[in-house]
Amino acid sequence: MTAGVDIDELRARIGAIRDPELDATLSELGMLGDVTVTATTVRVGIALTTLGCPARARFRGEIGAIVDELAPGRSLIVDETELDHAGRARAMRAARAAAQRRAEVPAALLGTDVIAVASGKGGVGKSTVAHALARALTHGGNAVGLLDADIWGFSQPHLTERRERLVARGTSDRWEIEPARIEVDDGELRLVSMGLLVDDADDAIMWRGPMLARALEHFVADVAWGQPSTLVVDLPPGTGDVPLALARLLPDARVVVVTTPSPLAVEVAVRAGTFARKANLDVLGVIENLSWLRCEHGDLIRPFGEGGGTLLAQRLGVPLLATLPIGLVDDDVRVVAETITRELAARSDHCSARLWAYARLAQPQNDR
Ligand SMILES: Nc1ncnc2c1ncn2[C@@H]1O[C@H](COP(=O)(O)OP(=O)(O)OP(=O)(O)O)[C@@H](O)[C@H]1O
């Protein structure tokens, strides 16, 4: 007992708070630090996965309620820090295990690089870039998944010139959607889009909030993706339920933010980047689209202004991965795909290598 408070009970109760996403307690996750009590205060240390952790306010609220009950009349001070490397790896393992328990993420996708293409607003060429990037990543004979998460603003069917309806196979308790398979040189694109499921674009426009998130869950969990080398996700523009759902389902997804050269468009693009970070997603870099074109004399013209990509990259503290021309061709994007592959390799540190190995072990033998 300290200052009339049973510290052990206080610790046990706080340690039993569950992280809803990781589906484990603060104690199990090694997130609970020191708990100290004085006559007027209770001080609790917690180590978060990141300081932008979305569950932060919820933890504070639950700790506050426990303190009010077991140490009434004292003010609560929460010292927040970030988990160390090992702690983060433990949290990520818990996230994967929780996702697998919910059977949302097929084991095959757990070892796959996921690149989500985001933008602040529509019309900047996000879908065009996502499509070109997925195509470029097939180079060398790879199978690349292309998940059109722009549920009601889908443009991938148009970009791939596919019109067929996707079919679902399986039994009443386990069915899977067959993605459209598109041959690209020596590789293959596997595309899933709402545009290949609904008869009329207006059918999907009614979808909002939880329905959008559910659609993404189906697109991740109930598609026969096989074992793609990379999954490219074309996110809807802006911030909202779909990027949040993506962060929950595929917490290792890396985000690329597409913007135009106009510095005026930067503010809204920054919001998309910071939103992704708040959802614990790693922002890999910025791609500036519609940047330039070469006139008949060989000079570069920049009809949409310049500097937007550099400014956005500075604001987000990430590299500018590419400036793509107006009328982009496969070769322009192949270079970006190589840059991204290098960035991914540079970031695949000890922690993700272990997670990858873990995911492989969790996979049934015949899927490897
Ligand atoms: N680099 C480019 N060169 C020429 N045209 C481009 C380029 N990038 C995009 N476009 C064209 O700009 C238009 C908008 O592109 P796109 O649909 O990819 O944008 P978006 O940001 O995904 O928009 P939305 O989210 O509203 O679908 C399309 O007509 C596309 O063909």
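Thresholds applied
Residues numbered from 1 in each chain as written. Predicted model: local features only at pLDDT ≥ 70, side-chain atom pairs only at ≥ 80, totals over all residues. UniProt positions renumbered as here; feature names shortened; annotations may be inferred. Helix = DSSP H or I, 4+ residues; strand = E, 2+ residues; numbered from the N terminus. Buried ≥ 20, exposed ≤ 12 C-beta atoms within 10 Å, placed from the backbone. Contact = placed C-beta atoms within 7 Å. Pairing = 2+ DSSP bridges. Axes fitted to C-alpha atoms, helices over the stretch in contact; angles between N-to-C directions. Core = buried A, V, L, I, M, F, W, Y, C linked by C-beta atoms within 7 Å. Near = placed C-beta within 6 Å. Nonpolar A, V, L, I, M, F, W, Y, C, P; charged D, E, K, R; others polar. Expected span 1.5 Å × (residues − 1).

Where an unreviewed UniProt entry is consulted, the chain appears under the name Iron-sulfur cluster carrier protein, with the organism given as Acidimicrobium ferrooxidans. On record in UniProt, under Subunit (unreviewed entry), the comment for the chain is "Homodimer."

**Q** Describe in detail the overall build of the chain, supporting the description with residues and values.
**A** Scanning the chain from terminus to terminus reveals 13 helices and 17 strands. Buried residues in the chain amount to 41% of all 368 residues. In the chain, of all internal contacts separated by at least 6 residues, the share reaching a separation of at least 24 is 77%.

**Q** Residues and numbers for the sheet that holds strand S13 (residues 254-259), please.
**A** A sheet is described by the order of its strands in space; here eight strands give the open sequence S10-S11-S7-S12-S6-S13-S14-S17, paired in mixed fashion. The outermost strands of the open sheet, each flanked by one partner alone, are strand S10 (180-184) and strand S17 (320-323). For this sheet, the mean angle separating the axes of adjacent strands, direction not counted, is 25°. One ladder, built from five bridges, connects strand S6 (residues 113-119) with strand S12 (residues 230-234); its direction is parallel. Along S12, the bridge assignment pairs valine 117 with aspartate 234.

**Q** I'd like a description of the sheet that holds strand S4 (residues 41-48), backed by residues and values.
**A** Read across the open sheet, the three strands follow the order S3-S4-S5; overall the sheet is mixed. Strand pairing shows two members of the sheet lacking a second neighbour, strand S3 (32-37) and strand S5 (75-82), which therefore form its edges. Each neighbouring strand pair of the sheet contributes to a mean axis angle of 15°, computed without reference to strand direction. Of the strand pairs in this sheet, S3 and S4 are connected by four bridges, and their pairing is antiparallel. Looking at the pairing, valine 37 lines up with valine 42 of S4. Lying over the sheet, helix H1 (residues 7-15) contacts S3 and S4, oriented at roughly 145° with respect to S3.

**Q** Help me get a handle on unusual backbone geometry, residues and values and all.
**A** Peptide bonds are, in most cases, trans, and in most cases residues other than glycine have a negative phi. Look at glutamate 161: it is not a glycine, yet its phi comes out positive at around 55°. Here glutamate 161 is to be found in the loop between helix H6 (156-160) and strand S8 (168-171). Its identity is not glycine, yet aspartate 185 carries a phi of approximately 45°, on the positive side. As for its placement among the helices and strands, aspartate 185 is situated in the loop between S10 and strand S11 (187-193).

**Q** Provide a residue-level description of the UniProt feature "binding site: ATP" (unreviewed entry) in the chain, including the pertinent values.
**A** Under the local residue numbering, the UniProt record ascribes the feature "binding site: ATP" (unreviewed entry) to Gly120, Lys121, Gly122, Gly123, Val124, Gly125, Lys126 and Ser127. Note that glycine 122 resides in the loop between S6 and helix H5 (126-137). On the neighbour-count criterion, glycine 122 (14 C-beta atoms within 10 Å) is partly exposed. The residue glycine 125 is located in the loop between S6 and H5 in this model. Among all residues touching glycine 125, those that are not within four sequence positions of it are Val258, Asn289 and Leu290.

**Q** I'd like to hear about the pairing of S12, residue by residue, with values.
**A** Most of S12 sits out of view: five of its five residues are buried. Both strand S7 (residues 143-148) and S12 contribute to a ladder of five bridges, which runs parallel. Each residue of the ladder has a partner; that of glycine 145, found in S12, is leucine 231.

**Q** Account for the nonpolar core, naming residues and giving values.
**A** In this structure, Val117, Leu133, Val232, Val233 and Leu246 are the most contacted members of the largest nonpolar core, which totals 74 residues. Here the element with the most residues in this core is H5; it accounts for seven residues. Ignoring sequence-local partners within four residues, the contact set of valine 232 consists of Ile115, Val117, Ala130, Leu133, Ala134, Leu137, Val144, Gly145 and Leu146. Among the nonpolar cores identified, the runner-up in size contains 24 residues, and Val35, Leu48, Cys53 and Ile63 belong to it.

**Q** Go over the site of the ligand, please, and point to the residues and values.
**A** For the ligand, the set of nearby residues contains 18 residues, the closest of which are Gly122, Gly125, Lys126, Ser127 and Thr128. Across the shell around the ligand, the residue classes break down as six nonpolar, 10 polar and two charged.

**Q** Break down the environment of arginine 214 for me, with residues and values.
**A** Its place among the elements puts arginine 214 in helix H8 (residues 209-221). With 14 C-beta atoms counted inside 10 Å, the residue arginine 214 sits in the partly exposed group.

**Q** With reference to specific residues and values, describe H5.
**A** Over its 12 residues, H5 extends 16 Å from the first C-alpha to the last, a length consistent with the 16 Å expected when each residue adds 1.5 Å. Most of H5 is tucked away, with 11 of its 12 residues classed as buried. Listed as buried for H5 are Lys126, Ser127, Val129, Ala130, His131, Ala132, Leu133, Ala134, Arg135, Ala136 and Leu137.

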